[in-house]
Amino acid sequence: MKKRTICRLIMLLFMMGIMGCGVKSDEDLADTEAEKNAKRQELILWTYYETEAQKKGLDKLVAGFNEAQQQYKISWEYVPMADFIRTLSFLQSGESLPDLVLADNPDIGSLIKLGMLADITDYLKETILAEEYYGEVWKSVENRERYYGVPFCCNNTAIIYNKRIFREKDLEIPTTWDAFKQAAAALTKEGSRYGFAMSAVSGEQGAFQLMPWMLAAGAGPDHMADNGCKEVFFLIDGLLKNKYMPNDCLNWSQNDLTRSFVEGRTAMIENGPWAMAELEESGMEFGVFEFPAHTSQGVVIGGEVLAAVKGKNVEGAVSFINYYNKKEVMEDICQITRNIPPKVELAETFGQKNPQYQVFVSQMEDGISRKSIKDWKKVCNALSDSLNKMFGSGESVEEIWLQYVKDIER
């Protein structure tokens, strides 16, 4: 009996020892997690994303990547769009630079020339297929057959309109410039509502918003100063003089446009898919239609690019890029941020799931990238300067046009 009792005690102690070895306190678990995080390589992403939908999407993307692997830990930081390239150029090198940037696609060329982006062609050979993307979108990351990033999303602009007011005024969707001007006049309510608004702020936003009108007037990638394009200047001038469009547009960003529309101060605005989240949350009844045609029709493709910064943690950056490239991740993040996926197949699915975005998706096939436009930076500056002058400089349309042509051709 004694032997049997001793054996039982030994077995009991043995089992308790095994069980005890497997039990960890909350403090032990916290220490283990802290040790894992301490071993991770820190990555920093810079972006100018600022809407709630954009921030929510980035937060989810970052959290998903951090949970999916144990080697890297990424976080993102906001840098205002107006200061984005200037800040990067000022820092040039050193610890203050991020590991990745989520940058406007026309800025990628400038960053490549500055030597700030890493050539990641060899990293992407087995993970990224360029043919899956819209051709014009992919152009923004390529330079001399080398790749310096991957498209993150894409977009374009269209006309967003207040359906209720259109019904009240018994208006049809305008398909020509004449019909558009008539609609803008009918929708204007003196002292409280403008028929139309667009962003005319200096730089990329204003130029990006003016470009579709230039394309509708016959402009093309290699000819941005055709005489027919002068009609765009007369169109904008007429909308302003008749007070169908507010002079405040000179200071309105694309996000300001959305707010003016939700508040009922404008009945039509030119804007992109990034505005849709706020519009949907407002509960107002709105619709989207393509730019009215003139001699032709077209849109400019916008969007952002994920790129690795040269001299920083390029392998970690590529790991993050490859994570985003997964079909389910890209679909999810684009759905949250209200952006069109840069891959053709995913974009078409996105449009089917979200009918309000279908106009933006359908315009992608015929859109052109700013990289396709010869001397885009020169064109951008000339368009921006011209817009500024149209909003109260006192110069005639002819004078503004002639200066624009000089700026383009020199």
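Note that the structure is a prediction, hence the values are computed from the model and not measured.

Student: Pulling in residues and values, what's your account of the overall build of the protein?
Tutor: Looking only at helices and strands, one finds 19 helices and 12 strands in the protein. Across its three principal directions, the C-alpha atoms of the protein cover 110 × 50 × 35 Å. Counting only carbon and sulfur atoms, one obtains 50% of the accessible surface of the protein, whose full area is about 19700 Å². For the protein, the separation between the mean place of its 45 positive charges and that of its 60 negative charges on side chains is 6 Å.

Student: Requested: an account of the nonpolar core, with residues and values cited.
Tutor: In terms of nonpolar packing, the biggest core is built from 81 residues, with Met214, Met268 and Tyr404 touching the most fellow members. At eight residues, helix H10 (residues 204–216) tops the list of elements feeding residues into this core. Met214 has contacts with Ala219, Met224, Cys229, Val232, Phe233, Leu383 and Tyr404, leaving out every residue within four places of it along the chain. Core analysis: the second largest hydrophobic core is formed by 54 residues, Phe65, Phe84, Ile128 and Ala317 among them.

Student: Which residues make up unusual backbone geometry, and what are the values?
Tutor: Here Asp170, not a glycine, exhibits a phi torsion of approximately 55°, which is positive. You will see that Asp375, though not glycine, has its phi angle at about 55°, which is positive. Note on placement: Asp375 falls in the loop between strand S12 (368–369) and helix H18 (376–390).

Student: Which residues make up the side chain of Arg40, and what are the values?
Tutor: Residue position: Arg40 is located in the loop between helix H2 (26–39) and strand S1 (41–47). Among the residues examined, Arg40 registers a relative accessible area of 9% and is labelled buried. Reaching out from Arg40, the side chain makes a polar contact with the backbone oxygen of Asn66 at a distance of 2.8 Å. From its side chain, Arg40 meets the backbone oxygen of Tyr72 in a polar contact 3.2 Å long. Arg40 has contacts with Asn66, Gln69, Gln70, Gln71, Tyr72 and Lys73, leaving out every residue within four places of it along the chain.

Student: Report on the pairing of strand S8 (residues 268–271), specifying residues and quantitative values.
Tutor: Burial along S8 is two-sided: the residues Met268 and Glu270 and Ile269 and Asn271 are all buried. By the bridge criterion, four bridges tie strand S7 (residues 158–162) to S8 in an arrangement that is antiparallel. The residue bridging Ile160 from the neighbouring strand is Ile269, located in S8.

Rules behind the numbers
Residues numbered from 1 in each chain as written. Predicted model: local features only at pLDDT ≥ 70, side-chain atom pairs only at ≥ 80, totals over all residues. Heavy atoms only, no water. Helix = DSSP H or I, 4+ residues; strand = E, 2+ residues; numbered from the N terminus. Areas by Shrake-Rupley, 256 points an atom, 1.4 Å probe, with all protein chains shown as cover. Lys, Arg positive; Asp, Glu negative; His and termini not counted. Charge placed at Lys NZ, Arg CZ, Asp CG, Glu CD. Core = buried A, V, L, I, M, F, W, Y, C linked by side-chain atoms within 4.5 Å. Buried < 20%, exposed > 50% of the residue type's maximum accessible area, 1.4 Å probe, protein only. Contact = heavy atoms within 4.5 Å. Polar contact = N/O pair within 3.5 Å; in protein donor to acceptor, adjacent residues only side chain to side chain. Pairing = 2+ DSSP bridges.

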